Amino acid sequence: MGFRCGIVGLPNVGKSTLFNALTETAAAQAANYPFCTIEPNVGRVAVPDPRLDEIARIARSAQEIETQLEFVDIAGLVRGASQGEGLGNQFLGNIREVDAIVHVLRCFEDGDVTHVEGRVDPIADAETVETELMLADLESLEKRVPALAKKAQQGDKEAKVQASVLGQALELLRESKPARLAQPRDAEEKLALDRAQLLTAKPVLYVCNVDEADAAEGNAHSARVFARAAAEDARAVIVSAAIEAEIVTMPAEDRGEFLSDLGLAETGLSRVIRAGYDLLHLITFFTAGPKEARAWTVEKGSRAPQAAGAIHSDFERGFIRAETIAYEDFVRYGGEAGAKEAGKMRSEGKDYVVQDGDVMLFRFNV
């Protein structure tokens, strides 16, 4: 499906425990020593959306299919990873393949769980990982940018675009700032930056792993992380990996009461999933019928043919129009027939920008 979030962090911060709970599997070995995860573990998780339940109920759909995100559990980075320390080169390569970074930070005190650097300091941990990513990007761009600049001087238009935006990223890295702070001037530069696959250009979600007592409100450690995220225009959420690991062992009907007793309205994993979805600037549109009600993922700003292509490439290639109902109207008028009778079903063409919550039926011809 194309949207992948890589879970990173130093060893023993709770990454694999979080991943296990996130995917409700024990695929990732959680152990109290570095490098217990050697190969990246991949899991797909449903994005919780109560709108799908309502659409399925109204459409009397036989089944519901949620939209999904893919999470990759990447083994713990250590200082010196950019120079190949630990399993650095392999880890950095795995990170390069994801769309966003979910950075798990240890925000709990526990003498029984060894910290690789002998202290609990989530900001220092974040800086250690970010530094290794910046060093890897810096090494890459210091080789590429001069060559691109030379081509640009010779009249290569594509090289001129790349040299402009990657040169900006290089200057940021030399100032110890991540490449995601670069500001492409137009769509061409944005595409060039995306294609460069710079590690520090990827959006970041900080996950503050706290103990059970701090799961509802966080603590001093997580407060510092939230402040850092705000300063970077990143995101942060609070999760207790230990609680999440316990929840997935419970019958579904017992989970609500367990969370309520802890002062929680929802699981931390739901927050992580939704935050990851939001971090990537994704929206959801729906299709509904007697066989199934289904949620689909597209990037914000996608036009109707692109949304059709999320279902099948033939839909995009032969796109004619999209019969579209806003979610609120679908609910208010009791489904497609009622919305159509009330004049709330719209026939949209290829320039229509899909809105979050649209219920759509595509007309196509191939």
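The structure contained in this document is the topic of the report that follows. Everything numeric here is computed off the predicted structure, so don't read it as measured data. (Residues numbered from 1 in each chain as written. Predicted model: local features only at pLDDT ≥ 70, side-chain atom pairs only at ≥ 80, totals over all residues. Heavy atoms only, no water.)

Observations regarding the pairing of strand E4 (residues 68-73)
Piece 1. In terms of burial, E4 is a largely internal element, 5 of the 6 residues being buried.
Piece 2. Strand direction decides the pairing type here: strand E1 (residues 4-8) and E4, joined by 4 bridges, are parallel. For Arg4, the partnering residue across the bridge sits in E4 and is Glu70.
Piece 3. Pairing of strand E2 (residues 41-46) with E4 involves 6 bridges; the strand directions are antiparallel. Opposite Arg44, over in E4, you have Glu70 as the bridge partner. (Buried < 20%, exposed > 50% of the residue type's maximum accessible area, 1.4 Å probe, protein only. Helix = DSSP H or I, 4+ residues; strand = E, 2+ residues; numbered from the N terminus. Pairing = 2+ DSSP bridges.)

Brief notes about helix H6 (residues 187-195)
Piece 1. Those residues of H6 that sit buried are Glu189, Ala192 and Leu193. Axial view of H6: buried residues confined to an arc of 100°, hence all on one face. Exposed positions of H6 whose direction lies more than 90 degrees from the buried face are Ala187, Glu188 and Arg195.
Piece 2. Structurally, H6 contributes buried residues whose contacts are with helix H5 (157-174).
Piece 3. Two or three places before Glu188, at the opening of H6, Asp186 has a side-chain oxygen 3.1 Å from that residue's backbone nitrogen.
Piece 4. Note on H6: the residue one or two positions beyond its end, Gln197, has a positive phi of about 55°. (Arc of directions from axis to C-beta. Contact = heavy atoms within 4.5 Å. Polar contact = N/O pair within 3.5 Å; in protein donor to acceptor, adjacent residues only side chain to side chain.)

Some remarks on helix H7 (residues 220-232)
Every α-helix winds through 3.6 residues per turn, so residues three or four apart in the chain are directed the same way.
Piece 1. Between the first and last C-alpha of H7 there are 19 Å, a value that for 13 residues agrees with the 18 Å anticipated at 1.5 Å per step.
Piece 2. Of all the positions in H7, only His221, Ser222, Val225, Arg228, Ala229 and Glu232 are classed as buried. Buried residues of H7, viewed axially, fall in a sector of 115°; they line one side. Opposite its buried face, H7 presents the exposed residues Ala220, Ala230 and Ala231, each directed more than 90 degrees away.
Piece 3. As for H7, its buried residues are in contact with strand E5 (100-106), helix H4 (122-153), strand E6 (204-209) and strand E7 (235-239).
Piece 4. The N-cap residue of H7 is Asn219: its side-chain oxygen and the backbone nitrogen of His221 are 3.0 Å apart. (Expected span 1.5 Å × (residues − 1).)

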